[in-house]
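Secondary and tertiary structure notes
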Amino acid sequence: MRSFKTDFPLDQSRCHLETGPIVLVGSQWQGERNLMVMGWHMMLGFAPAHFGCLITAGNHSHRLVRESRECTINVPTLDLIDAVVGVGNSDGDDIDKFEAFGLTPVAGDEVSAPLVAECYASFECRLADDSQIDRHELFIWEIVKAHVDTSIELPRTLHYRGHGRFMVAGDEIDRSEDFRIQNL
């Protein structure tokens, strides 16, 4: 198959590389809580489970997670698209995003940051490495507790493509029989 690739604007590369699910980051510090939408994240290890994400200093959550050294990572599904867009388009300095968008904060077992009850998966995190925050705004977390509704077999997660457009996770293709056991 011949490809018809053309030059593409570098600042739009994320439209093709940023395909992980959109997550809602819960934060809390000294009685102040917030919720933000994030698409720039990655798994960095399995045991311990390390998770990296970018939170810019201009974001209200940045101070809360930096001071508390904790957060929650919550994975919404398609049914929460209106709340996701609303959270992403509002400022935590002005409103309580949980109340404004009908989301339910739930206390974690290991961290003080709130989980989002409506999300099919939530992960409690503690800051594992702060060495890249000042230089790259990169937070490296250790997932210390995971909460997942395993009855949802194929979650319809949201994947941001830029410019206000999302893809939704869909079909699953099982090629596990073709993998070497150590690669599963």
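Details of the structure are given in the entry above.
Being a predicted model, the structure only gives us computed values, none of them experimental. (Residues numbered from 1 in each chain as written. Predicted model: local features only at pLDDT ≥ 70, side-chain atom pairs only at ≥ 80, totals over all residues. Heavy atoms only, no water.)

Spatially, seven strands are ordered S2-S1-S5-S8-S9-S4-S3 in an open sheet, and the strand pairing comes out antiparallel. Two strands in the sheet have a free side with no partner beyond their single neighbour: strand S2 (32-38) and strand S3 (41-46). Averaged over all neighbouring strand pairs, the angle between strand axes comes to 30°, with direction disregarded. Across eight bridges, strand S8 (residues 121-129) lies against strand S9 (residues 138-148) in antiparallel orientation. Bridge pairing in S9 places Arg-126 opposite Glu-142. (Pairing = 2+ DSSP bridges. Helix = DSSP H or I, 4+ residues; strand = E, 2+ residues; numbered from the N terminus. Axes fitted to C-alpha atoms, helices over the stretch in contact; angles between N-to-C directions.)

A few words now on the side chain of Ser-61. Along the chain, the position of Ser-61 falls in helix H2 (residues 60-68). With residues near it in sequence (within four places) discarded, Ser-61 still touches Ser-27, Asn-34, Met-36 and Ile-55. (Contact = heavy atoms within 4.5 Å.)

Now for the side chain of Ser-122. Inspection of the secondary structure puts Ser-122 in strand S8. One polar contact links Ser-122 to Asn-74, side chain to side chain, over a distance of 2.7 Å. Excluding residues that lie within four positions of it along the chain, Ser-122 makes contacts with Ile-73, Asn-74, Leu-115, Val-116, Lys-145, Ala-146 and His-147. (Polar contact = N/O pair within 3.5 Å; in protein donor to acceptor, adjacent residues only side chain to side chain.)

Another aspect to go through is the nonpolar core. Of all hydrophobic cores here, the largest spans 19 residues; its most connected members are Met-38, Ile-73, Phe-139 and Trp-141. Those elements that place two or more of their residues in this core are strand S1 (23-29), S2, strand S4 (49-54), strand S5 (70-75), S8 and S9. In this structure Ile-73 touches Val-23, Leu-24, Val-25, Met-38, Phe-51, Ala-121, Ser-122, Phe-123 and Cys-125, once residues within four positions along its chain are discounted. Counting residues in hydrophobic clusters, the runner-up holds 12 residues, among them Leu-35, Val-87, Leu-103 and Cys-119. (Core = buried A, V, L, I, M, F, W, Y, C linked by side-chain atoms within 4.5 Å. Buried < 20%, exposed > 50% of the residue type's maximum accessible area, 1.4 Å probe, protein only.)

The omega torsion across Ala-47 and Pro-48 is 5°, close enough to zero to call that bond cis. Position of Pro-48 relative to the elements: it lies in the loop between S3 and S4. Of note in the backbone geometry, Glu-137 takes a positive phi value of approximately 60° without being a glycine. By the secondary structure assignment, Glu-137 is in the loop between helix H5 (133-136) and S9. Overall, Glu-137 belongs to the partly exposed group, its relative accessible area being 26%. Positive phi, close to 60°, is recorded for His-163, a residue that is not glycine.

Structural measurements only, silent on function.
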